[in-house]
Amino acid sequence: MLRALSDAVAPVPRSIALDKFVIHGGVALRGEVEVGTAKNSVLPLLAATLLTRDPCRILDVPRLRDVDTMLRILEALGIEARREEDGSIATHVRDESSVEAPYELVKTMRASVCVLGPLLGRRRRARVSFPGGCVFGPRPVDLHLKGMRALGVDLDLEGGYIVADASRLRGGEMYLGGPFGSTVTGTANVLMAAVLAEGETLIDMAACEPEVQDLALFLVAMGAKIEGIGTPTLRVTGVTELHGATYRPIPDRIEAGTFLVAAAITGGNVRVNRCRPDHLRAATERLIAAGCRIESGPDWVSCARRGRLQACDITTLPYPGFATDLQAQFMAMLCLADGVSVVTEKIYPERFMHISELERMRARIRKEGNCAIVHGTDYLSGAPVLASDLRASAALVLAGLVAEGETTVRRVYHMDRGYERMEKKLEALGARIAREKDVEAD
Ligand code: EPU
């Protein structure tokens, strides 16, 4: 059974102005769009700047709500971060005495837990608020803690905080696989502690996501010794100190995938520039299966569709499998495909909050366990819908772009966590979309 959206969605933060998107569907998107830097690379990279006293510079950092949250956490930890005119963020450590990532910040963004590893590596102590679940189900951190324990860290849970002492930090061996595969931020956390631990660390079943590779390359640029980057077996030889570095993170493969689906769902033709085609293979292969024409060059991918969309099955898996962060967007597209598609969620079995909202737009979807059976329909009908999380909001916007009539997507602050100027980019491709103040606002 799907939980009612109102039960599952976190209370509306009063401090954030509520906006909504008003979309008039029916325009086939055409043109070129440039994707921003990967949110899920930038967040751990910013956390990694805790590992050195030297200044660091991360280039092309997108203006996103999650980035602002990470900067506030770093500020609480004594780091001064400045956004430069060219879009980079320059960091400088002012004071290394604080080791606490407070509840008020961590509760708004789970990726905040990424400061645990660097705090233990450099400051040897940490008090990090325990991140809770989220709207798409339980999100444990047991593997993060298992990895830290293998490095000799003493851990306890007190008053909702992970309280950790790494005075005996040393290299160790660990297997970081859980019931749903490897862990992305867990691998990042352990890696960031291990680079400054004495001796060798072996991380088996490490996550291979491009964002984890990106972090490892940044750490190497800071002087860390890591072998096996991009594979499930990472070997780290601890060093005593890391130095500052300047780094350009990878483009956002989820934003790129979202624009490709925007072309597919509207029957348009969009070229996505400044992306990595090799990071998008699972997505482009499914778009081809759905009847789209895909072309690519060294740093671009285009997607075009003329005929009807065809049903196809999707199973989310750890990288290089199909990304769970694109599941909702593809489901929106499959709502309009000829035939029946089965979408199987193998990373977050509960990540289906978008179904009930898509149903308000005339989609026909049946959920069974971790599967959604999508019966294609001729058309979607515009409706007022409510965004429940970042990727679900993207799915609703995509559905709105093709639905008949007007769709209003409320609570787009979810979208602002991970997509920079989404409505402007879509507008430039021809979409009729506007951001408006919502009546829900105080
Ligand atoms: N898991 C455990 N134990 C752990 C950690 C994870 O059992 O200690 C399970 C999770 O419950 C899940 C699976 O392992 O079933 C994978 O979770 P993972 O730890 O890899 O997720 P994460 O690191 O918390 C990152 C992204 C998510 C993305 C997932 C999966 C960041 C900041 N977040 O989360 O991105 O969905 O990996 O690819 O990198 C998003 O951007 O919208 C988003 C949610």
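Conventions we followed
- Residues numbered from 1 in each chain as written.
- Predicted model: local features only at pLDDT ≥ 70, side-chain atom pairs only at ≥ 80, totals over all residues.
- Heavy atoms only, no water.
- Helix = DSSP H or I, 4+ residues; strand = E, 2+ residues; numbered from the N terminus.
- Rg over C-alpha atoms; globule rule 2.2 N^0.38 Å.
- Buried < 20%, exposed > 50% of the residue type's maximum accessible area, 1.4 Å probe, protein only.
- Contact = heavy atoms within 4.5 Å.
- Areas by Shrake-Rupley, 256 points an atom, 1.4 Å probe, with all protein chains shown as cover.
- Lys, Arg positive; Asp, Glu negative; His and termini not counted.
- Charge placed at Lys NZ, Arg CZ, Asp CG, Glu CD.
- Domains from an automatic or database assignment.
- Salt bridge = Lys/Arg side-chain N within 4 Å of Asp/Glu carboxyl O.
- Polar contact = N/O pair within 3.5 Å; in protein donor to acceptor, adjacent residues only side chain to side chain.
- Nonpolar A, V, L, I, M, F, W, Y, C, P; charged D, E, K, R; others polar.
- Pairing = 2+ DSSP bridges.
- Axes fitted to C-alpha atoms, helices over the stretch in contact; angles between N-to-C directions.
- Phe/Tyr/Trp six-rings, centres within 6.5 Å; stacked < 30°, edge-to-face > 60°.
- Parallel < 35°, antiparallel > 145°, perpendicular 65-115°, else oblique.
- Right-handed = clockwise from strand over helix to strand, strands pointing away.

**Q** How should the overall build of the protein be read in this particular structure?
**A** A tally of helices and strands in the protein yields 15 helices and 24 strands. Since a compact globule built from 442 residues should have a radius of gyration of about 22 Å, the 21 Å found for the protein is in line with a globular shape. With respect to the three principal axes, the spread of C-alpha positions in the protein is 65 × 45 × 45 Å. In the protein, which comprises 442 residues, the proportion classed as buried is 59%. For the protein, the proportion of contacts with a sequence separation of at least 24, taken over those separated by at least 6, is 74%. Approximately 17,400 Å² of the protein is accessible, and the part contributed by carbon and sulfur atoms is 48%. Once the 55 positive and 57 negative side-chain charges of the protein are each reduced to a mean point, those two points are 2 Å apart.

**Q** Help me out: how do you make sense of the domain arrangement of the protein in this one?
**A** Reports often express the size of an interface as the amount of accessible area lost when the parts come together. Along its sequence, the protein is carved into domain 1 (19-36 + 251-437) and domain 2 (39-247). Between domain 1 and domain 2, the contact holds 24 residues from the first and 23 residues from the second. Counting across the interface, domain 1 meets domain 2 through 3 salt bridges. In this structure, arginine 274 and aspartate 60 form a salt bridge, with 3.9 Å as the shortest nitrogen-oxygen distance. At the surface where domain 1 touches domain 2, the tally comes to 8 residue pairs in polar contact (both at pLDDT 80 or more). Of all the elements in the fold, those that place two or more residues in the side of domain 1 that touches domain 2 are helix H13 (390-402) and helix H14 (413-416). Grouping the amino acids of the side of domain 1 that touches domain 2 by side-chain chemistry returns 9 nonpolar, 3 polar and 12 charged.

**Q** Please explain the sheet that holds strand S18 (residues 314-315) as it appears in this structure.
**A** Either a parallel or an antiparallel arrangement is found when strands of a sheet pair, and the pairing is made through backbone hydrogen bonds. Across the sheet, 4 strands lie side by side as S18-S19-S21-S20; this open sheet has mixed pairing. On the outer flanks of this sheet lie S18 and strand S20 (364-368), each paired with one strand and no other. Here 2 bridges tie S18 to strand S19 (residues 340-344), and the two strands are oriented parallel to one another. Bridged to isoleucine 314 within S19 is valine 343. In the packing of helix H11 (residues 327-334) onto the sheet, contacts are made with S18, S19, S20 and strand S21 (371-375), and the angle to S19 comes to roughly 170°.

**Q** Would you explain the packing of aromatic side chains in this entry?
**A** Any aromatic ring pair is given by two values, namely how distant the centres are and how the planes are angled relative to each other. Under the counting rule described, the total for this entry stands at 2 aromatic pairs. Taken together, a centroid distance of 5.5 Å and an interplanar angle of 55° make the contact between phenylalanine 218 and tyrosine 247 tilted. Note that phenylalanine 218 is positioned in helix H8 (residues 210-221) and tyrosine 247 in strand S14 (residues 246-247), a separation of 29 residues in sequence. Grouping residues by exposure puts phenylalanine 218 and tyrosine 247 together as buried.

**Q** Hey, could you run me through the packing of helix H2 (residues 39-48) against helix H3 (residues 65-76) in this one?
**A** Between two packed helices, the angle of one axis relative to the other and the distance separating the axes together describe the packing. Where H2 meets H3, the axes come as close as 10 Å, and the angle between the chain directions of the two elements is 5°. Compared by their axis directions, H2 and H3 come out roughly parallel. On the side of H2, the interface is formed by Lys39, Val42, Leu43, Leu46 and Ala47, while H3 contributes Asp66, Val67, Met70, Leu71 and Leu74. Grouping the constituent residues of the contact of H2 with H3 by class yields 8 nonpolar, no polar and 2 charged.

**Q** Explanation requested: H2 in the structure shown.
**A** Owing to its 3.6 residues per turn, the α-helix brings residues three or four apart onto one side. Most of H2 sits out of view: 9 of its 10 residues are buried. Within the sequence span of H2, burial applies to Lys39, Ser41, Val42, Leu43, Pro44, Leu45, Leu46, Ala47 and Ala48.

**Q** How do you make sense of the pairing of strand S23 (residues 406-410) when you look at a structure like this?
**A** The side chains of a regular strand alternate, first on one face of the sheet and then on the other. With 5 bridges connecting them, strand S1 (residues 19-24) and S23 associate as antiparallel partners. Note on S23: the bridge partner recorded for isoleucine 23 is threonine 407. Note: strand S22 (residues 384-386) against S23, 3 bridges, orientation parallel. Note that in S23 the partner of proline 384 across the bridge is threonine 408. Tracing the backbone out of S22, into H13 and back to the parallel element S23 gives a crossover that is right-handed.

**Q** Explanation requested: the pairing of strand S16 (residues 293-297) in the structure shown.
**A** Note: S16 against strand S17 (residues 300-304), 5 bridges, orientation antiparallel. Across the sheet, the residue bridging to serine 296 is valine 301, located in S17.

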